[in-house]
Amino acid sequence: MCKREFVPVTPDDPAACSEFRRLMVPYSRELDEHGLPPLSPEMLEKWIASILRLQGAGEPARHLELCTRDGQTVGFLYGKVDLPHHRGYIRPGWGYVMEFYVLPELRRQGHGRAMVQRLEEHFLADGVRDLYLTADPVTGKPFWEAMGYVPTGEVSPENGQEIFVKQLTAP
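About the cut-offs
Residues numbered from 1 in each chain as written. Predicted model: local features only at pLDDT ≥ 70, side-chain atom pairs only at ≥ 80, totals over all residues. Heavy atoms only, no water. Helix = DSSP H or I, 4+ residues; strand = E, 2+ residues; numbered from the N terminus. Buried < 20%, exposed > 50% of the residue type's maximum accessible area, 1.4 Å probe, protein only. Pairing = 2+ DSSP bridges. Axes fitted to C-alpha atoms, helices over the stretch in contact; angles between N-to-C directions. Contact = heavy atoms within 4.5 Å.

Draft legend 1. Quick peek at unusual backbone geometry. Backbone geometry places D70, a non-glycine residue, at a positive phi of 50 degrees. Tracing the chain through its elements places D70 in the loop between β2 (62-69) and β3 (72-81). Given the relative accessible area of 54%, D70 is considered exposed.

Draft legend 2. Quick look at the sheet that holds β3. Overall, mixed pairing links the seven strands, which are arranged β1-β2-β3-β4-β5-β7-β6 in an open sheet. Single-partner strands in this sheet number two, and they are β1 (4-8) and β6 (150-155). Taking each pair of neighbouring strands and ignoring which way they run, the sheet shows an average axis angle of 30 degrees. As paired elements, strand β4 (residues 95-102) and strand β5 (residues 130-134) share three bridges and run parallel to each other. The residue bridging Y96 from the neighbouring strand is Y132, located in β5. The strands touched by helix α1 (residues 14-33) within the sheet are β1, β2, β3 and β4, with β3 carrying the most contacts at an inclination of about 85 degrees. Sheet strands in contact with helix α2 (residues 41-54) are β2, β3 and β4, and its direction is about 105 degrees off that of β2.

See the structure below:
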């Protein structure tokens, strides 16, 4: 049986930050291939830097973690609780699955399901029951529907992708 671990990505862990940075490149390419406007290397770097800068910045309800299996990186999960002062499309008090990625060669092995469960546990610990996300129409939509997320018919004004929701029940 494989040993799966979750490693928080924080500013005081340069190795985890470097690994997250490395994974963001193929993640960004996959988003580009599935319809989002391509990011320049400079914009990708700004995006990565902004995510890393917010970790440990006084908002405890942010969760950025790497998932590993037997020491090999599988992917990452990133979610936060929307607060009224956040910018962009938000639902205050809701959990927002911001970014989620499993390396293509490691998909369909239960890692994504374990990562979703991990993120949902974080949200439950934060006192959040209502979650939302936007899903890549190619790989995201079928995955998130299999995880119990329901399409709302709404489209995010930020990325043009459909919004999915799920309500968690306390354990």
